[in-house]
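Listed below are the residues making up each chain.
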Number of protein chains: 2
Amino acid sequence: MCEQRAAYRCITVVGPGLLGGSVAMAVRQHMPGCDLRVWGRREQPLAYLRERGITQHTYTDLQVAVQGAELVILSTPIGCFESLAREMLPALADDALVTDVGSVKAYVHRTTGAMLTQRGHRFIGSHPMAGSETTGVENATADLLCGATVAITNPDGVPAEEEARLAAFWQSLGCTTYAMTPENHDRAVARVSHIPHVLAALCAHAAAGDNVPQADLQRLAASGFRDTTRVCCGPAPMWADILWENDVAVRRALSDCMSQMQTVIDLLNKQDKAGLRRWLETAADSRRTIRREQETNT
Amino acid sequence: MCEQRAAYRCITVVGPGLLGGSVAMAVRQHMPGCDLRVWGRREQPLAYLRERGITQHTYTDLQVAVQGAELVILSTPIGCFESLAREMLPALADDALVTDVGSVKAYVHRTTGAMLTQRGHRFIGSHPMAGSETTGVENATADLLCGATVAITNPDGVPAEEEARLAAFWQSLGCTTYAMTPENHDRAVARVSHIPHVLAALCAHAAAGDNVPQADLQRLAASGFRDTTRVCCGPAPMWADILWENDVAVRRALSDCMSQMQTVIDLLNKQDKAGLRRWLETAADSRRTIRREQETNT
């Protein structure tokens, strides 16, 4: 900690949704002296934050909101990042760091990151692995970030001490940080986040097939269906964006899913019960390996 | 209740695993006066039940275990039902009812049910929609059944008052009951239980693909991956049996999954973000419809 630069004194959260609102609440809780500002397009979520005493510094004018900020956190849908970043340029301090909370990283660096870097500004990507199937500031909570891993992507050459300062910021909110390349990030989240979302949706779609009476499905669906499909109720526009923005990695992963599904069908066609068992065991092993570090706290 | 026959005074649970053990515990809790017997192939789970005061009437001899029982509950893997039912024939009382807790029903009626009916005995299928990714009597608990739906299948013409008595038994353990044909049961559970299991396993398999560094997956996997894949750690031999015993309905559902997956890939290939959004919205609607009755208590 001795070499680390001081905590940010002025932070602007751009977009008070579930994640942006949660970041604002966590900043208020863990960094009480910080000048916390929140920009939103609509007044209502801003009023929500003011009424709960999270901050009185809320803005619908982006340039006013970012003026003097040391850290700007883009928390809107990813598709808005670049135009918002352009809009804030005239007011953005030279030494401000811009980061985000987007679920894909190569796309963000290729667009927003490249644009900011070209104009002499600094951008490092962040992705807090936190969320839920709910949306909106009314579901935000400081706890959402507690214990979450934040992937940090810094391919545009922002100095290491700035990256360390950003990591320390997330850590002060209760997160752990993990530095990655944008490409490795996107390939990994395709597998552990985006494909689970697609498969959850697929499971819900398949339930509705074959004209099985709805009452039967309603009566028989239990915890397995509940958990396997839970995430598919997340906001469809946001998830459509995520899949589209990470389409290369997602399509590769979907193609693996297709061949795994063909494997199961072949095993059933061949009545190969031993093969089916091995396929299920390998899946369970894979899950246990991936969740190894986490089993203790969930 | 006035017309209903009295509760069973003597019940034999055949197979003290997770579900059989839980049934035994629930009987002990809710029917304290009942002569509860448990048969097991191995001594260890029987000792477990004796030591916890669930029952002292445990047996490794099946014929002794079922002698005088009014209700016999098959709780072993489905593949063992028929041979166990044959083995108990000489000792089975004429007015005894045999039921089971198996996850597929047409197969069970076609084999075990048909054999018992042919010999003048009575069989009604039961399927408590309860379970977890754990196994064994050491994970059994009376609570597992509390609030669970039990599907009841009675295609072999057992009189309605016997079916009502069985339903009352399950209800006295805290379950709700739901009468169905075996075929409708199997088609519905393929959709809300067996396919979720396959997709959970598929999700875990796909995570291991494309040589994504394991450390990246371990660090980034969060609650979405946890919940979508949870059930795939269930006992592989049991699940291989279930998929195989319900293979017609499962293969139909898998073929629906294949075409849904092709739909997603096509939407991504066409960069059809609006179509992707609609596909995700339909999935969320489907899930909400199916879980409508349950949202209040989970």
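Residues numbered from 1 in each chain as written. Chains lettered and ligands numbered in written order. Predicted model: local features only at pLDDT ≥ 70, side-chain atom pairs only at ≥ 80, totals over all residues. Heavy atoms only, no water.

A.B. asks: Can you help me understand the side chain of T229 of chain B in this one?
C.D. replies: Among the secondary structure elements, T229 of chain B is positioned in helix 9 (residues 223-229). Aside from chain neighbours lying at most four places away, what touches T229 of chain B is R287 of chain A together with A200, C203 and A204 of chain B. (Helix = DSSP H or I, 4+ residues; strand = E, 2+ residues; numbered from the N terminus. Contact = heavy atoms within 4.5 Å.)

A.B. asks: Looking at this structure, I do not really get the packing of aromatic side chains. What am I missing?
C.D. replies: Within a pair of aromatic rings, the relevant descriptors are the distance that separates the centres and the angle that separates the planes. Applying the stated criterion across every chain yields a total of 6 aromatic pairs over all chains. Between Y8 of chain B and F169 of chain B, the aromatic rings sit 5.9 Å apart at their centres with planes inclined by 75 degrees, giving edge-to-face as the arrangement. With Y8 of chain B in the segment before strand 1 (10-14) and F169 of chain B in helix 6 (residues 160-172), this pair connects stretches of sequence that are 161 residues apart. Judged by relative accessible area, Y8 of chain B falls into the buried class, the value being 3%. The structure contains a cluster of three or more aromatic residues connected by ring pairs, namely Y8, F169 and W170 of chain A. When the ring centre of Y48 of chain A is taken as origin, the NZ or CZ atom of R52 of chain A, which lies over that ring, is 3.7 Å away. Sitting over the face of the ring of W244 of chain A, K273 of chain B holds its NZ or CZ atom 4.3 Å from the ring centroid. (Phe/Tyr/Trp six-rings, centres within 6.5 Å; stacked < 30°, edge-to-face > 60°. Buried < 20%, exposed > 50% of the residue type's maximum accessible area, 1.4 Å probe, protein only. Lys NZ or Arg CZ within 6 Å of the ring centre and 35° of its normal.)

A.B. asks: Would you take a moment to explain the relation of the copies chain A and chain B for this structure?
C.D. replies: Two chain copies, one operation linking them: a rotation about an axis together with a shift along it. For the match of chain A to chain B, the screw axis carries a shift of 0.0 Å, the RMSD comes to 0.1 Å, and the turn is 180 degrees. The transformation relating the two chain copies, once decomposed into turn and shift, fits a two-fold axis. Identified as the residue of chain A closest to the rotation axis by C-alpha distance is T228 of chain A, at 2.0 Å. Both copies share a contact surface, since 100% of the interface residues of chain A are interface residues in chain B too. (Least-squares fit on C-alpha atoms with pLDDT ≥ 70 in both.)

A.B. asks: How should the nonpolar core be read in this particular structure?
C.D. replies: The nonpolar side chains of a soluble globular protein tend to be buried, and buried together. Counting 148 residues, the largest nonpolar core has L220, L254 and M261 of chain A together with L220, L254 and M261 of chain B as the members making the most contacts within it. Ignoring sequence-local partners within four residues, the contact set of L254 of chain B consists of M261, V264, I265 and L268 of chain A together with I195 and V198 of chain B. Core analysis: the next-biggest nonpolar cluster, separate from the first, contains 38 residues, A26, I73, A130 and L173 of chain B among them. (Core = buried A, V, L, I, M, F, W, Y, C linked by side-chain atoms within 4.5 Å.)

A.B. asks: Hey, could you run me through the environment of R277 of chain B in this one?
C.D. replies: Relative to the assigned elements, R277 of chain B resides in helix 12 (residues 273-290). Residue classification places R277 of chain B among the partly exposed residues on the basis of a relative accessible area of 30%. Sequence spacing of R277 of chain B and L267 of chain B is 10 residues, and the spatial spacing of their C-alpha atoms is 9.8 Å. Not counting chain neighbours up to four residues away, the residues in contact with R277 of chain B comprise A236, P237, A240 and D241 of chain A.

A.B. asks: Please clarify how the sheet that holds strand 3 (residues 58-59) of chain A should be interpreted in this entry.
C.D. replies: In a beta sheet, neighbouring strands are held together by backbone hydrogen bonds and run either parallel or antiparallel to one another. Residue and element names in this part refer to chain A. Read across the sheet, 6 strands follow the order 3-2-1-4-5-6 without closing on themselves; strand pairing throughout is parallel. Among the strands making up the open sheet, the edge pair consists of strand 3 and strand 6 (122-123). Summarising the sheet, strand 4 (residues 71-74) and strand 5 (residues 97-100) pair through 4 bridges and their orientation is parallel. Paired with V72 across the bridge in strand 5 is V98. (Pairing = 2+ DSSP bridges.)

A.B. asks: Would you take a moment to explain the pattern of salt bridges for this structure?
C.D. replies: Opposite charge on two side chains lets them pair, provided their charged atoms get close. In the structure shown here, the tally under the stated rule is 34 salt bridges over all chains. E70 of chain A is the salt-bridge partner of R9 of chain A, the closest N and O atoms lying 2.5 Å from each other. You can see R9 of chain A sitting in the segment before strand 1 (10-14) and its partner E70 of chain A sitting in the loop between helix 3 (62-66) and strand 4, a full 61 residues away along the chain. R86 of chain A is the partner of E82 of chain A in a salt bridge, and the nearest nitrogen-oxygen pair spans 3.0 Å. A residue pair is termed a helical-turn pair when its members lie 3 or 4 positions apart in one helix, as E82 of chain A and R86 of chain A do in helix 4 (residues 81-88) at 4 residues. A relative accessible area of 26% means that E82 of chain A is categorised as partly exposed. Using a relative accessible area of 40% as the deciding quantity, one classes R86 of chain A as partly exposed. Salt bridges sharing partners connect three or more residues here, namely R187, R191, R252 and D256 of chain A together with D210 of chain B. (Salt bridge = Lys/Arg side-chain N within 4 Å of Asp/Glu carboxyl O.)

A.B. asks: I keep staring at the interface of chain A and chain B and nothing clicks. Help me out?
C.D. replies: When the parts of a complex come together, some accessible area is lost, and that lost area is often taken as the interface size. Contact with chain A, which involves 93 residues of that partner, is made by 93 residues of chain B. Carbon and sulfur atoms make up 65% of the surface buried where chain A meets chain B, a total of about 9500 Å² over both sides. Seen at the junction of chain A and chain B, the total is 10 salt bridges. Taken together, the links from chain A to chain B amount to 30 residue pairs in polar contact (both at pLDDT 80 or more). Counting only elements with at least two residues in the side of chain A that touches chain B, the list comes to strand 8 (149-153), strand 9 (176-180), helix 7 (182-207), helix 8 (214-220), helix 9 (223-229), helix 10 (236-245), helix 11 (247-269) and helix 12 (273-290) of chain A. The element that contributes the greatest number of residues to the side of chain A that touches chain B is helix 7 of chain A, accounting for 18 residues. (Buried area = accessible area lost by both parts, 1.4 Å probe. Polar contact = N/O pair within 3.5 Å; in protein donor to acceptor, adjacent residues only side chain to side chain.)

A.B. asks: Would you mind going over the packing of helix 5 (residues 106-118) of chain A against helix 7 of chain A with me for this structure?
C.D. replies: Axes are the key here: two packed helices are described by the angle between their axes and the distance separating the axes. All names here are of chain A. With their axes 8 Å apart at the nearest point, helix 5 and helix 7 run at an angle of 140 degrees to one another. The pairing of helix 5 with helix 7 is recorded here as oblique in orientation. Contacts between helix 5 and helix 7 involve A106, Y107 and H109 on the former and, on the latter, P182, E183 and D186. Split into classes, the residues belonging to the contact of helix 5 with helix 7 amount to 3 nonpolar, 1 polar and 2 charged. (Axes fitted to C-alpha atoms, helices over the stretch in contact; angles between N-to-C directions. Parallel < 35°, antiparallel > 145°, perpendicular 65-115°, else oblique. Nonpolar A, V, L, I, M, F, W, Y, C, P; charged D, E, K, R; others polar.)

A.B. asks: How should the pairing of strand 8 of chain A be read in this particular structure?
C.D. replies: Where a strand is regular, its side chains alternate between the two sheet faces. Residues and elements named next belong to chain A. Of all 5 residues making up strand 8, 5 are buried, and the element is well covered by its neighbours. Across the two faces of strand 8 the burial is the same, with T149, A151 and T153 and V150 and I152 all buried. In the sheet, strand 7 (residues 125-128) pairs with strand 8 via 4 bridges, with the strands oriented antiparallel. Across the sheet, residue H127 finds its bridge partner in strand 8, namely A151. Note that strand 8 and strand 9 share 5 bridges and pair parallel. Bridge assignment links V150 to a residue of strand 9, and that residue is T177.

A.B. asks: Could you clarify how one ought to interpret the environment of G21 of chain B in this entry?
C.D. replies: Residues and elements named next belong to chain B. Looking at the element boundaries, G21 is found in helix 1 (residues 18-30). Between the alpha carbons of G21 and N139 there is a distance of 8.5 Å; along the sequence they are 118 residues apart. Not counting residues up to four positions away in its chain, the partners in contact with G21 are G15, P16, V137 and A140.

A.B. asks: Would you mind showing me how to read the pairing of strand 2 (residues 35-39) of chain A here?
C.D. replies: Residues and elements named next belong to chain A. Within strand 2, 4 of the 5 residues are buried, leaving the element largely enclosed by the surrounding structure. Following the chain from strand 1 across helix 1 (residues 18-30) to the adjacent parallel strand 2, one finds a crossover that is right-handed. Of the pairings in the sheet, the one linking strand 2 to strand 3 comprises 2 bridges and is parallel in character. Across the sheet, the residue bridging to V38 is T58, located in strand 3. Tracing the backbone out of strand 2, into helix 2 (residues 43-51) and back to the parallel element strand 3 gives a crossover that is right-handed. (Right-handed = clockwise from strand over helix to strand, strands pointing away.)

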